[in-house]
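Survey of secondary and tertiary structure
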Amino acid sequence: ILTTAGLMAVLLLVLYWQLQIHVDTIHDRSLTSQAHDIARHIKRVPGGTLSLDLPEELSAAYTDATSGYIFQVRNRSNAVLFASSGGATALNELARNDRHQADYSLLTPPSQPKIFAASIPVTGDFGDLVVRVGQGEDHGDVLVDELLEEFIRNVGWVLPLILALFFIVNLVTVKRSLAPIKTMSAMAENIGPADSKTLPESDLPDEIRPLVRAVNSAFV
(Lines give C-alpha, C1' and ligand atoms only; values in the text may rest on other atoms or scores of the structure.)
Protein backbone atom coordinates (compact mmCIF):
# COMPACT_ATOMS: atom_id res chain seq x y z
CA ILE A 1 0.00 0.00 0.00
CA LEU A 2 2.79 2.42 0.92
CA THR A 3 4.69 1.61 -2.28
CA THR A 4 1.59 2.13 -4.40
CA ALA A 5 0.71 5.37 -2.61
CA GLY A 6 4.27 6.65 -3.11
CA LEU A 7 4.29 5.79 -6.80
CA MET A 8 0.88 7.39 -7.31
CA ALA A 9 2.11 10.57 -5.60
CA VAL A 10 5.14 10.65 -7.92
CA LEU A 11 2.88 10.04 -10.94
CA LEU A 12 0.58 12.91 -10.00
CA LEU A 13 3.53 15.27 -9.53
CA VAL A 14 4.98 14.27 -12.92
CA LEU A 15 1.61 14.74 -14.63
CA TYR A 16 1.06 18.13 -12.99
CA TRP A 17 4.55 19.27 -13.98
CA GLN A 18 4.07 18.12 -17.57
CA LEU A 19 0.63 19.74 -17.71
CA GLN A 20 2.03 23.11 -16.67
CA ILE A 21 4.79 22.86 -19.29
CA HIS A 22 2.33 22.06 -22.07
CA VAL A 23 -0.14 24.76 -21.00
CA ASP A 24 2.61 27.38 -21.27
CA THR A 25 3.81 25.97 -24.60
CA ILE A 26 0.32 25.98 -26.10
CA HIS A 27 -0.32 29.55 -24.95
CA ASP A 28 2.94 30.61 -26.64
CA ARG A 29 2.04 28.81 -29.86
CA SER A 30 -1.44 30.32 -29.86
CA LEU A 31 -0.08 33.85 -29.41
CA THR A 32 2.57 33.33 -32.11
CA SER A 33 -0.07 32.06 -34.54
CA GLN A 34 -2.27 35.03 -33.65
CA ALA A 35 0.54 37.49 -34.43
CA HIS A 36 1.37 35.88 -37.78
CA ASP A 37 -2.32 35.83 -38.75
CA ILE A 38 -2.35 39.61 -38.31
CA ALA A 39 0.96 40.08 -40.13
CA ARG A 40 -0.36 38.22 -43.18
CA HIS A 41 -2.89 41.00 -43.73
CA ILE A 42 -0.47 43.92 -43.56
CA LYS A 43 0.12 45.37 -47.01
CA ARG A 44 2.20 48.20 -48.42
CA VAL A 45 -0.01 50.35 -50.60
CA PRO A 46 1.04 52.71 -53.41
CA GLY A 47 2.74 55.67 -51.84
CA GLY A 48 4.62 53.50 -49.37
CA THR A 49 2.18 53.57 -46.49
CA LEU A 50 1.00 50.41 -44.75
CA SER A 51 -2.56 49.14 -44.44
CA LEU A 52 -4.14 46.40 -42.36
CA ASP A 53 -7.22 44.73 -43.81
CA LEU A 54 -8.32 41.92 -41.50
CA PRO A 55 -10.90 39.35 -42.64
CA GLU A 56 -14.36 39.81 -41.19
CA GLU A 57 -13.97 37.00 -38.67
CA LEU A 58 -10.69 38.35 -37.26
CA SER A 59 -11.87 41.92 -37.38
CA ALA A 60 -14.99 41.04 -35.38
CA ALA A 61 -12.93 39.34 -32.68
CA TYR A 62 -10.60 42.30 -32.28
CA THR A 63 -13.36 44.91 -32.53
CA ASP A 64 -15.37 43.33 -29.71
CA ALA A 65 -13.86 44.76 -26.50
CA THR A 66 -15.28 41.82 -24.51
CA SER A 67 -13.66 39.13 -26.67
CA GLY A 68 -10.41 39.14 -24.70
CA TYR A 69 -8.29 39.36 -27.88
CA ILE A 70 -6.16 42.46 -28.46
CA PHE A 71 -3.25 43.48 -30.68
CA GLN A 72 -0.90 46.28 -31.63
CA VAL A 73 1.35 46.58 -34.67
CA ARG A 74 4.44 48.70 -34.05
CA ASN A 75 7.31 49.78 -36.23
CA ARG A 76 10.95 49.50 -35.23
CA SER A 77 10.73 52.96 -33.69
CA ASN A 78 8.09 51.51 -31.36
CA ALA A 79 5.31 53.71 -32.73
CA VAL A 80 1.86 52.12 -32.87
CA LEU A 81 0.68 51.73 -36.47
CA PHE A 82 -2.46 49.64 -35.91
CA ALA A 83 -4.33 48.43 -32.83
CA SER A 84 -7.48 46.60 -31.87
CA SER A 85 -10.52 48.22 -30.22
CA GLY A 86 -9.58 50.79 -27.59
CA GLY A 87 -5.96 50.87 -28.68
CA ALA A 88 -5.10 47.68 -26.75
CA THR A 89 -3.49 49.89 -24.11
CA ALA A 90 -2.82 46.91 -21.84
CA LEU A 91 -0.07 45.89 -24.30
CA ASN A 92 1.79 49.12 -23.59
CA GLU A 93 3.19 47.34 -20.53
CA LEU A 94 5.29 45.08 -22.74
CA ALA A 95 8.93 46.04 -23.00
CA ARG A 96 10.24 47.19 -26.36
CA ASN A 97 11.36 44.20 -28.40
CA ASP A 98 14.62 44.82 -30.27
CA ARG A 99 15.96 41.27 -29.99
CA HIS A 100 14.40 39.94 -33.21
CA GLN A 101 12.88 37.03 -31.31
CA ALA A 102 9.54 36.31 -29.68
CA ASP A 103 9.03 37.57 -26.15
CA TYR A 104 6.21 36.18 -23.97
CA SER A 105 4.75 37.75 -20.84
CA LEU A 106 1.86 37.53 -18.39
CA LEU A 107 0.32 40.96 -17.83
CA THR A 108 -1.67 41.81 -14.72
CA PRO A 109 -3.62 45.03 -15.39
CA PRO A 110 -5.24 46.56 -12.27
CA SER A 111 -8.79 45.32 -11.62
CA GLN A 112 -8.73 43.29 -14.85
CA PRO A 113 -8.19 39.61 -15.74
CA LYS A 114 -4.63 38.55 -16.45
CA ILE A 115 -3.51 38.69 -20.07
CA PHE A 116 -1.22 36.23 -21.83
CA ALA A 117 0.78 38.47 -24.17
CA ALA A 118 3.56 38.22 -26.71
CA SER A 119 5.73 40.54 -28.75
CA ILE A 120 6.52 38.88 -32.09
CA PRO A 121 8.94 40.38 -34.66
CA VAL A 122 7.67 39.91 -38.22
CA THR A 123 9.27 40.64 -41.58
CA GLY A 124 7.72 40.87 -45.02
CA ASP A 125 7.05 43.21 -47.94
CA PHE A 126 6.01 45.72 -45.30
CA GLY A 127 9.49 45.71 -43.75
CA ASP A 128 10.37 44.90 -40.15
CA LEU A 129 7.55 45.25 -37.64
CA VAL A 130 6.60 43.96 -34.21
CA VAL A 131 3.15 42.54 -33.58
CA ARG A 132 2.01 42.58 -29.97
CA VAL A 133 -0.90 40.28 -29.17
CA GLY A 134 -2.81 39.44 -26.02
CA GLN A 135 -5.38 36.90 -24.89
CA GLY A 136 -7.38 37.10 -21.65
CA GLU A 137 -6.87 34.19 -19.27
CA ASP A 138 -10.64 33.70 -19.11
CA HIS A 139 -10.43 32.30 -22.65
CA GLY A 140 -8.60 29.12 -21.64
CA ASP A 141 -11.48 27.04 -23.05
CA VAL A 142 -10.20 27.91 -26.54
CA LEU A 143 -7.12 25.78 -25.86
CA VAL A 144 -8.81 22.77 -24.27
CA ASP A 145 -8.94 20.50 -27.33
CA GLU A 146 -5.36 21.23 -28.36
CA LEU A 147 -4.18 20.92 -24.76
CA LEU A 148 -5.73 17.49 -24.27
CA GLU A 149 -4.35 16.18 -27.55
CA GLU A 150 -0.88 17.54 -26.82
CA PHE A 151 -0.90 16.35 -23.23
CA ILE A 152 -2.02 12.79 -24.04
CA ARG A 153 0.49 12.50 -26.89
CA ASN A 154 3.43 13.65 -24.80
CA VAL A 155 2.54 12.25 -21.38
CA GLY A 156 0.33 9.25 -22.19
CA TRP A 157 3.38 6.97 -22.38
CA VAL A 158 3.90 7.49 -18.65
CA LEU A 159 0.74 5.60 -17.69
CA PRO A 160 1.67 2.19 -19.21
CA LEU A 161 5.13 2.62 -17.69
CA ILE A 162 3.66 3.23 -14.24
CA LEU A 163 1.29 0.26 -14.57
CA ALA A 164 4.19 -2.00 -15.57
CA LEU A 165 6.17 -0.67 -12.61
CA PHE A 166 3.24 -1.40 -10.28
CA PHE A 167 3.08 -4.97 -11.56
CA ILE A 168 6.81 -5.57 -11.12
CA VAL A 169 6.95 -4.00 -7.65
CA ASN A 170 3.91 -5.94 -6.44
CA LEU A 171 5.25 -9.20 -7.88
CA VAL A 172 8.64 -8.75 -6.20
CA THR A 173 7.01 -7.67 -2.93
CA VAL A 174 4.70 -10.68 -2.79
CA LYS A 175 7.49 -13.12 -3.69
CA ARG A 176 9.78 -11.68 -1.00
CA SER A 177 6.96 -11.77 1.53
CA LEU A 178 6.15 -15.40 0.77
CA ALA A 179 9.77 -16.60 0.74
CA PRO A 180 10.03 -16.96 4.58
CA ILE A 181 6.72 -18.80 4.62
CA LYS A 182 7.97 -21.29 2.04
CA THR A 183 11.15 -21.79 4.06
CA MET A 184 9.10 -22.27 7.24
CA SER A 185 6.86 -24.80 5.52
CA ALA A 186 9.87 -26.86 4.42
CA MET A 187 11.28 -26.82 7.96
CA ALA A 188 7.93 -27.86 9.44
CA GLU A 189 7.73 -30.87 7.11
CA ASN A 190 11.03 -32.16 8.55
CA ILE A 191 9.93 -31.97 12.19
CA GLY A 192 8.92 -35.35 13.59
CA PRO A 193 6.89 -36.23 16.71
CA ALA A 194 10.06 -36.85 18.78
CA ASP A 195 11.87 -33.67 17.65
CA SER A 196 12.27 -30.75 19.97
CA LYS A 197 12.91 -28.27 17.19
CA THR A 198 10.98 -25.02 16.92
CA LEU A 199 10.44 -22.78 13.95
CA PRO A 200 12.39 -19.46 13.86
CA GLU A 201 10.18 -16.44 14.33
CA SER A 202 12.55 -13.84 12.88
CA ASP A 203 12.26 -12.34 9.39
CA LEU A 204 8.58 -13.20 9.18
CA PRO A 205 5.68 -11.01 8.05
CA ASP A 206 3.78 -9.65 11.05
CA GLU A 207 0.65 -11.47 9.90
CA ILE A 208 2.39 -14.90 10.03
CA ARG A 209 4.43 -14.56 13.24
CA PRO A 210 1.47 -15.33 15.62
CA LEU A 211 0.76 -18.53 13.71
CA VAL A 212 4.41 -19.68 13.93
CA ARG A 213 4.49 -18.80 17.64
CA ALA A 214 1.34 -20.91 18.19
CA VAL A 215 2.87 -23.87 16.32
CA ASN A 216 6.07 -23.61 18.37
CA SER A 217 4.08 -23.64 21.60
CA ALA A 218 2.44 -26.87 20.48
CA PHE A 219 5.90 -28.53 20.22
CA VAL A 220 6.85 -27.62 23.79
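Just so we're clear, the structure is a prediction, and the values are computed from it rather than from any experiment.

Quick notes on the rules
Residues numbered from 1 in each chain as written. Predicted model: local features only at pLDDT ≥ 70, side-chain atom pairs only at ≥ 80, totals over all residues. Heavy atoms only, no water. Patch = residues over 30% accessible without salt bridge, like charges linked within 9 Å, V, L, I, M, F, W, Y side chains within 5 Å. Areas by Shrake-Rupley, 256 points an atom, 1.4 Å probe, with all protein chains shown as cover. Salt bridge = Lys/Arg side-chain N within 4 Å of Asp/Glu carboxyl O. Helix = DSSP H or I, 4+ residues; strand = E, 2+ residues; numbered from the N terminus. Buried < 20%, exposed > 50% of the residue type's maximum accessible area, 1.4 Å probe, protein only. Pairing = 2+ DSSP bridges. Axes fitted to C-alpha atoms, helices over the stretch in contact; angles between N-to-C directions. 1 Å grid on protein atoms, 1.4 Å probe; cavity = no way out; pocket = protein on both sides within 12 Å on 5 of 7 lines; lining within 4 Å. Points joined across faces, edges and corners; volume = space filled by probe spheres on them. Nonpolar A, V, L, I, M, F, W, Y, C, P; charged D, E, K, R; others polar.

Turning our eyes to something else, we now look at a nonpolar patch on the surface. A contiguous nonpolar surface patch, about 390 Å² in accessible area, is contributed by F167, I168, L171 and V172. Summarising the element assignment, L171 is placed in helix α4 (residues 158–189). With relative accessibility at 43%, the residue L171 sits in the partly exposed group.

Moving on: the pattern of salt bridges. Under the counting rule described, the total for this entry stands at two salt bridges. One salt bridge connects D37 with R40, and the closest N-O pair in it is separated by 2.0 Å. D37 sits in the partly exposed class, given a relative accessible area of 23%. The exposure class assigned to R40 is exposed, which follows from its relative accessible area of 53%.

Our next topic: the sheet that holds strand β7 (residues 127–136). Across the sheet, five strands lie side by side as β4-β3-β7-β6-β5; this open sheet has antiparallel pairing. Of all strands in the sheet, those with a lone pairing partner are β4 (80–83) and β5 (103–107), marking the two edges. The mean inter-strand angle of the sheet, taken between neighbouring strand axes irrespective of direction, is 20 degrees. Judged from the five bridges that link them, β5 and strand β6 (residues 115–124) form a sheet pairing that is antiparallel.

Turning to empty space enclosed by the protein, a few remarks are in order. Any empty space left between atoms is shown by rolling a water-sized probe over those atoms. Scanning the entire structure with this criterion turns up one cavity of 30 Å³ or more. Lining of the largest cavity is provided by R74, N75, R76, N78, A95, R96, N97, D98, S119, V130 and R132. Those elements giving two or more residues to the lining of the largest cavity turn out to be β3 (69–75) and β7. Among the residues forming the lining of the largest cavity, the class breakdown is two nonpolar, four polar and five charged.

That's the geometry; what it means functionally is another story.
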